[in-house]
Amino acid sequence: MTTFPEEAATAPDIRDAATGEPAEPAPYRDLVFGRFAALVAARAAHTATRTFFAPRADAWEARFAADGPRYAAAVARMGLLPGQTALDLGCGSGRALPALRAGVGDKGKVFGVDVTSAMLTAAAREGRAGPACLLVADCHRLPLPTGATHGIFSAGLLDHLPAPPVALREWARVTASGGTLLLFHPSGRAERAARHGRPLSSDDPLGEPNLRPMLDGNGWQLVCYEDKSEYFLARAVRVADEAHN
């Protein structure tokens with residue numbers, strides 16, 4: 001067996017489950033380093049997000065206040081029922097939270113999730129800590145039990161994530177079978193691309209040829225896709241794990 005003298009003094013007594021022999025440290029070391037690299041990458045993405053949004057949080061609501069009715073109209077298409085649980089992922093200043101509360105009623109639960117605490121502070125200042133519980137959390141790793149929610153609303157988030165498929169799988173984990181995912185933006189893809197001075201990219205995760213298989217491979221079925229000049233909306237349903245597998 002290959003030995004690692006330089007590691008012998010510090011390596012833990014790890015044994016191979018199949019043979020009972022001492023395991024070589026290198027594979028475990030590589031696994032730990034791989035996980036550490038992923039953690040660093042995720043933290044870097046969070047830092048970049050917070051760096052961008054934190055200084056803009058105070059003015060965010062005033063800047064986009066006119067979008068409120070569009071958010072309410074989009075939430076209405078989720079088909080939420082009284083007593084259910086709904087999430088707004090990447091909730092920002094919480095424009096969708098009152099509509100989500102109206103959908104699930106007083107006996108339902110609403111969570112607004114964002115990785116930038118300054119945005120949640122802005123949401124609370126707008127009075128939206130009443131309609132919803134506000135959580136600072138990574139949408140790739142939600143602090144919720146499996147199957148805990150019936151509907152997820154997310155505006156302008158998925159295409160900015162470092163790992164959209166990972167996020168979709170996590171969103172599927174916390175959603176009950178038959179639950180709804182609604183991806184929304186108050187302007188269409190072409191309009192947004194033009195606003196940023198760039199053409200539409202064939203690699204855009206929100207393009208239907210990319211979004212449909214990505215949803216299908218991670219616990220969802222796309223049932224409605226609308227990319228109009230005035231809004232973008234994609235509605236998906238959580239499929240049963242047996243059907244998905």
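Computed from a prediction, not measured in an experiment: that's the story for all the values here.

1. Concerning the packing of aromatic side chains
Reasoning step 1: Taken as a whole, this structure holds four aromatic pairs when the rule is applied.
Reasoning step 2: Plain terms: the ring middles of Y71 and F153 are 5.8 Å apart, the flat faces sit at 50° to each other, and that makes the pair tilted. With a gap of 82 residues between them, Y71 in helix α4 (residues 68-76) and F153 in strand β4 (residues 149-155) connect regions that are remote in the sequence.
Reasoning step 3: Between Y225 and F232, the ring centres sit 5.5 Å apart and the planes meet at 85°, which makes this aromatic pair edge-to-face.
Reasoning step 4: Aromatic rings pair up to connect Y71, F153 and F184 into one cluster.

2. Quick notes on the sheet that holds strand β1 (residues 85-89)
Reasoning step 1: Reading across the sheet, the seven strands line up as β3-β2-β1-β4-β5-β7-β6 and stay open at both edges, with mixed pairing between neighbours. Both outer strands of the open sheet, β3 (133-136) and β6 (220-227), are each paired with one neighbouring strand and no more. The sheet shows a mean angle of 15° between the axes of neighbouring strands, direction not considered.
Reasoning step 2: Inspection of the sheet shows strand β5 (residues 175-185) paired to strand β7 (residues 232-238) by six bridges, in the antiparallel sense. The partner of L183 across the bridge, within β7, is A234.
Reasoning step 3: The sheet strands contacting α4 are β4, β5 and β7, and the helix crosses β5 at an angle near 155°.
Reasoning step 4: Taken strand by strand, helix α9 (residues 208-216) contacts β5, β6 and β7, and its axis lies near 160° from that of β6.

3. Focus: the nonpolar core
Reasoning step 1: Formed by 29 residues in total, the largest nonpolar core has its most connected members in L158, W171, L181 and L183.
Reasoning step 2: Every element with two or more residues in this core is listed here: β1, β2 (109-114), α7 (164-173), β5, α9, β6 and β7.
Reasoning step 3: The residues touching W171, leaving out its near neighbours within four places in the chain, are L89, C139, L142, I152, S154, L157, L158, L161, L181, L183 and W220.

4. A few points about empty space enclosed by the protein
Reasoning step 1: Following the criterion strictly, the structure yields one cavity of 30 Å³ or more and no others.
Reasoning step 2: Here the largest cavity defines a volume of roughly 70 Å³.
Reasoning step 3: The wall of the largest cavity is formed by S154, A155, G156, L157, L158, D159, L183, F184, H185, R192, L206 and F232.
Reasoning step 4: Elements supplying a minimum of two residues to the lining of the largest cavity: β4 and β5.
Reasoning step 5: With three residues, β5 is the single largest residue contributor to the lining of the largest cavity.
Reasoning step 6: Looking at side-chain class alone, the lining of the largest cavity contains seven nonpolar, three polar and two charged residues.

Rules behind the numbers
- Residues numbered from 1 in each chain as written.
- Predicted model: local features only at pLDDT ≥ 70, side-chain atom pairs only at ≥ 80, totals over all residues.
- Heavy atoms only, no water.
- Phe/Tyr/Trp six-rings, centres within 6.5 Å; stacked < 30°, edge-to-face > 60°.
- Helix = DSSP H or I, 4+ residues; strand = E, 2+ residues; numbered from the N terminus.
- Pairing = 2+ DSSP bridges.
- Axes fitted to C-alpha atoms, helices over the stretch in contact; angles between N-to-C directions.
- Contact = heavy atoms within 4.5 Å.
- Core = buried A, V, L, I, M, F, W, Y, C linked by side-chain atoms within 4.5 Å.
- Buried < 20%, exposed > 50% of the residue type's maximum accessible area, 1.4 Å probe, protein only.
- 1 Å grid on protein atoms, 1.4 Å probe; cavity = no way out; pocket = protein on both sides within 12 Å on 5 of 7 lines; lining within 4 Å.
- Points joined across faces, edges and corners; volume = space filled by probe spheres on them.
- Nonpolar A, V, L, I, M, F, W, Y, C, P; charged D, E, K, R; others polar.

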